[in-house]
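# Summary of structural features
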Amino acid sequence: MTVNSFGARDELQVGDQTYEIFRLDRVPGAARLPYSLKVLLENLLRCEDGTTVTAGQVTALAGWDPGATHGAEIQFTPARVLMQDFTGVPCVVDLVAMRDAMAAFGGDPQRINPLIPAELVIDHSVIADAFGPGAFQINADLEFNRNQERYQLLRWGQQAFDDFLVVPPGTGICHQVNLEYLARVIFTRETTAASGLPQAYPDTLVGTDSHTPMVNGLGVLGWGVGGIEAEAAMLGQPMSMLIPQVLGLKLTGALPDGATATDLVLTVAQLLREEGVVGKFVEFYGPGVAGVPLANRATIGNMSPEYGSTCAIFPIDDETLRYLRLTGRPEEQVALVEAYAKAQGLWHDPDHDPVYSQTIEFDLGSVVASIAGPKRPQDRIALSQARRVVGQILAEGSQVPADLVGLDEASAESFPASDPIAFGRIEDHQRPVDRSRSRVDTAWPSAAVPVTIGDRSVDVDHGHVVIAAITSCTNTSNPSVMLAAGLLARNAVRRGLTSRPWVKTSLAPGSRVVTDYYEQAGLTPFLNQLGFDLVGYGCTTCIGNSGPLIPEVSEAVTAHDLNVSAVLSGNRNFEGRIHAETKMNFLASPPLVVAYALAGTMNIDLISDPLGHGPDGEPVYLRDLWPSTEEIEAVVGQVVQARMFTKGYADVFAGDENWRSLDLPSAEMFAWDETSTYVRRPPYFDAMSREPEPLRDITGARVLAMLGSSVTTDHISPAGAIRKDSPAGQYLLGHGVTVRDFNSYGSRRGNHEVMIRGTFANIRLRNQLVPGTEGGFTRHLPDGAQMSIFDAANAYAAEGVPLIVLAGAEYGSGSSRDWAAKGTALLGVRAVLAESFERIHRSNLIGMGVLPLQYQPGESAQSLALTGEETLTITGLAGAGAVPGEVTVRVENDGVQRQFTAVVRVDTPAEREYFRHGGILRYVLRQLLTSERGEAG
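Everything numeric in this text was worked out from a predicted model, so none of it was measured.

## Section: the overall build of the chain
Helix and strand counts for the chain stand at 31 helices and 36 strands. Taken over the C-alpha trace, the chain has a radius of gyration of 28 Å; the compact-globule value for 937 residues is 30 Å, and the two agree within 12%. Along the first, second and third principal axes, the C-alpha atoms of the chain reach 90 × 70 × 55 Å. Counting across all 937 residues of the chain, residues that qualify as buried make up 63%. Residue pairs in contact within the chain that sit at least 24 positions apart in sequence constitute 76% of those at least 6 positions apart. Surface exposure of the chain reaches about 31600 Å², of which carbon and sulfur atoms provide 49%. Once the 73 positive and 109 negative side-chain charges of the chain are each reduced to a mean point, those two points are 1 Å apart.

Structure representation (structure tokens):
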């Protein structure tokens, strides 16, 4: 029940419907706030309960100091949760296991459901193994065969859980489906309020994918979070956050003819990386906003992680309403969005400048055709300089630091699962490389290798483009750039041009609407003739699912160490992430992807050099093929119609024959397959008592790993390929899985047995207990035997010895990965003692029942002369009625004892409850058991 301290509860009449709303104008100071903070303020007003969300939090937000590094801590309750399959499967697995536990306690398992709407889109598993005619069905069948066990679970969850929607594979990318269909802009929900009216409030969300801010373009506030945070939100728990700084980007002017949304977002990414916006909200305002189409707004929001902001949001205006109508939203919903936004001061006024922490003015007219790369998305290169710059890169190197750090490291580590970045302590010292002064031509290095592809003999050389992929959520939601690519393809075919034979070409749109309007425009045959056949609806190349290169090309590249390139319409391009054999990866608009497929090389000036020659021998230039802005807009107006969206999404949850044919028992409990290597029942509720046990001291613990500073979640959490000789590889081999079918850790996040074997197994981990050794190894004490961290944890468990991890500063930075905390807990680690923590990982450890401890200021393992060979006993927990603020750590080694105190980093009332219960999952289950018992009584 809302406390309503500010008298904000009111009613809003829209047509024949009346809604309960919480008025922002009842809070002094609300009018001056930026749009994004007004959305947060409404959230606090509506959710104020006097305990978790207090009047003090409302007052603190209304009194926001734009000059402060950050404001007070508040509790944010999103309207819904968005997931994709890699990061979402563990959430579903845990929910299913909670049903089992509910039944074991004699409760009603059907009470275990998401407490707010949860939507999962399967988009991360399709790989472009095949390309060319028939590729879509080949890749869809391969995807299904690889992932059938995971999909069985999701299919069951689709029919078993309330408020849980699953968009099957082969449908689209979560962000585009969110933008075109799932997002409400203004949310409505039936309540138990005394008024009996449905509530209306801003649509907000958290997503388990880093590019969740794409929906910010629609005025919907949302960002990426880790799996544990998403689970907490699903289970009705608010999220703790610090009120951020908000940077206002004032837009003026309009995009010039020939400049695309991709050029705009690459320019904005470069600008904001130069400015430094890590962890801030970015908000767009000013007279230029009205002229930015919504699809372009979404493109800008999509790359928010690449420039480091938590979100990059546009306010609601007429363009928002136009897009809602275009995508087939009901007229009643559009009317509600307009009425609510205007009533609450959320409607964009180009003449009103809200208060911001900082403002930047940006002239849209300054944007020029661009690409970005070869290793980072912020390193923009004007197309007019591209040949010269790439030549310098080949001859002299990229000027990008060999080791990625800070934001770049965190972003690179989010591959392939697109884990959201934990911004808490990330620095952004690596600024974009300045390419503006590249005026000197450099002799291109050449090592041409003759290759026979089919019946054609060609040379493959340094700088050649071997992947040209129209892919990713960034651009495939944008009809203007997608149709520009199709029109350019049409023009190229009509002039007799073809893609170069060494280029692997692919088309992976973000939704079926794209292929519908391609068909309507008659452009599909032209794309197909250039090799841009449909390979799937999913992320593909942008997350490294690019599949193999053309075999003959692959052999030439690897045998002769050729420095070749991928060109993709994506958002990330770190070396080794797009394809292991492409050292350079350039981000480009979809029409430029087509152009580079025609050229087949980066060794071309697309402004002045011909792409090729027609049958008449005449040169054909990019300018001859590039469609005008007027033509693009005309085709968009003709073929992109609301009926496409309503028809395309009418059966969005149905799936193809593979999906519908899954054997699906209609039981309320999931039938775990004990032979599955993808989905296993996790042990989080094993030996759980109905009431929380008293806090216990940690006695006689051993150090599992002693780590330095800046240990990221990538060091801790399983990620990437599974090695044959690793504990996880040996487990899979022991269960009859061949190396060829190992798949990745990301695809096996639903199997804790695989994941705990990969925890602390990163090949770059440096455990000071095994100096000179890198990887997931430690010493078992006291005998000193060296073994894998997993084997040591098992040995300690058999001996009944609790475990501790020692670490330096900024422990758990990087991407926000649930398994960095889950794996730690399942290895038997009871506490982590560090100099400092990344805020989200610290919270995640508590969510899994692991105690985060921090050295006193000025102290560290080094200053305390800890070697990691000691036994440690932590006292001050046992007998405490509540989680204490400090504990005593008693250290013993060779019979000598000493002690020091450590700070308990369980910072909020909610965290104290989670820890007392042994983690958030147990806390929520006990709450539901208690409420059920109360209702029964």
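## Regarding the sheet that holds strand β14 (residues 311–313)
The sheet built from four strands is open, its strands ordered β14-β13-β12-β15 with parallel pairing. A strand with exactly one partner marks an edge of an open sheet, and here the two such strands are β14 and β15 (358–363). In this sheet, adjacent strand axes meet at a mean angle of 20 degrees when their direction is disregarded. Bridge count for strand β13 (residues 281–285) against β14 is three bridges, and the pairing is parallel. In the sheet register, F281 faces β14, and the bridge partner there is C311. Packed on one face of the sheet, helix α7 (residues 261–275) meets β12 (246–252), β13 and β15 and runs near 145 degrees to β15.

## Describing unusual backbone geometry
Peptide bonds are trans in most cases, and residues, glycine excluded, mostly fall at negative phi. The amide bond that connects G373 to the next residue, P374, takes the cis arrangement and shows omega of 10 degrees. By secondary structure assignment, the location of P374 is in the loop between β16 (370–372) and β17 (380–382). L781 connects to P782 through a cis peptide bond whose omega is 15 degrees. Turning to its location among the elements, P782 is positioned in the loop between β28 (777–780) and β29 (785–788). In this structure, V185 is a non-glycine residue whose phi angle is positive, near 70 degrees. According to the relative accessible area criterion, V185 is buried, its value standing at 1%. Look at D561: it is not a glycine, yet its phi comes out positive at around 50 degrees. Position of D561 relative to the elements: it lies in the loop between α18 (551–560) and β23 (565–568).

## Details of the side chain of H175
In this structure, H175 sits in helix α5 (residues 174–182). For H175, the contacting residues outside a window of four places in its chain are L82, D209, H211, T212, M214 and C473.

## Observations concerning the nonpolar core
In terms of nonpolar packing, the biggest core is built from 299 residues, with I371, Y517, Y518, F532, Y596, L611 and Y811 touching the most fellow members. If you tally residues by element for this core, the top one is helix α3 (residues 85–104), at ten residues. Apart from residues lying up to four places away in sequence, Y517 is in contact with T476, N478, P479, M482, L483, V639, V640 and M644. In terms of nonpolar packing, the next biggest core, distinct from the first, is built from five residues, A128, A135, A508 and V535 among them.

## What to know about the state of the cysteines
One pass over the full model with this rule turns up zero disulfides. Unpaired in this structure, C91 has its nearest cysteine sulfur neighbour in C174, at a distance of 13 Å. Residue classification places C91 among the buried positions, given a relative accessible area of 1%. No disulfide involves C539; its nearest neighbouring cysteine sulfur is the one of C473, lying 6.0 Å away. Residue class for C539 comes out buried when judged on its relative accessible area of 6%.

## Section: the pairing of strand β20 (residues 456–460)
Where strand β19 (residues 449–453) lies against β20, five bridges are found, and the strand directions are antiparallel. From the neighbouring strand, V451 faces β20, where its bridge partner is V458. Two successive antiparallel strands, β19 and β20, enclose a turn made up of two residues, where G454 displays a positive phi of approximately 65 degrees.

Rules of the game
- Residues numbered from 1 in each chain as written.
- Predicted model: local features only at pLDDT ≥ 70, side-chain atom pairs only at ≥ 80, totals over all residues.
- Heavy atoms only, no water.
- Helix = DSSP H or I, 4+ residues; strand = E, 2+ residues; numbered from the N terminus.
- Rg over C-alpha atoms; globule rule 2.2 N^0.38 Å.
- Buried < 20%, exposed > 50% of the residue type's maximum accessible area, 1.4 Å probe, protein only.
- Contact = heavy atoms within 4.5 Å.
- Areas by Shrake-Rupley, 256 points an atom, 1.4 Å probe, with all protein chains shown as cover.
- Lys, Arg positive; Asp, Glu negative; His and termini not counted.
- Charge placed at Lys NZ, Arg CZ, Asp CG, Glu CD.
- Pairing = 2+ DSSP bridges.
- Axes fitted to C-alpha atoms, helices over the stretch in contact; angles between N-to-C directions.
- Core = buried A, V, L, I, M, F, W, Y, C linked by side-chain atoms within 4.5 Å.
- Disulfide = S-S within 2.5 Å.

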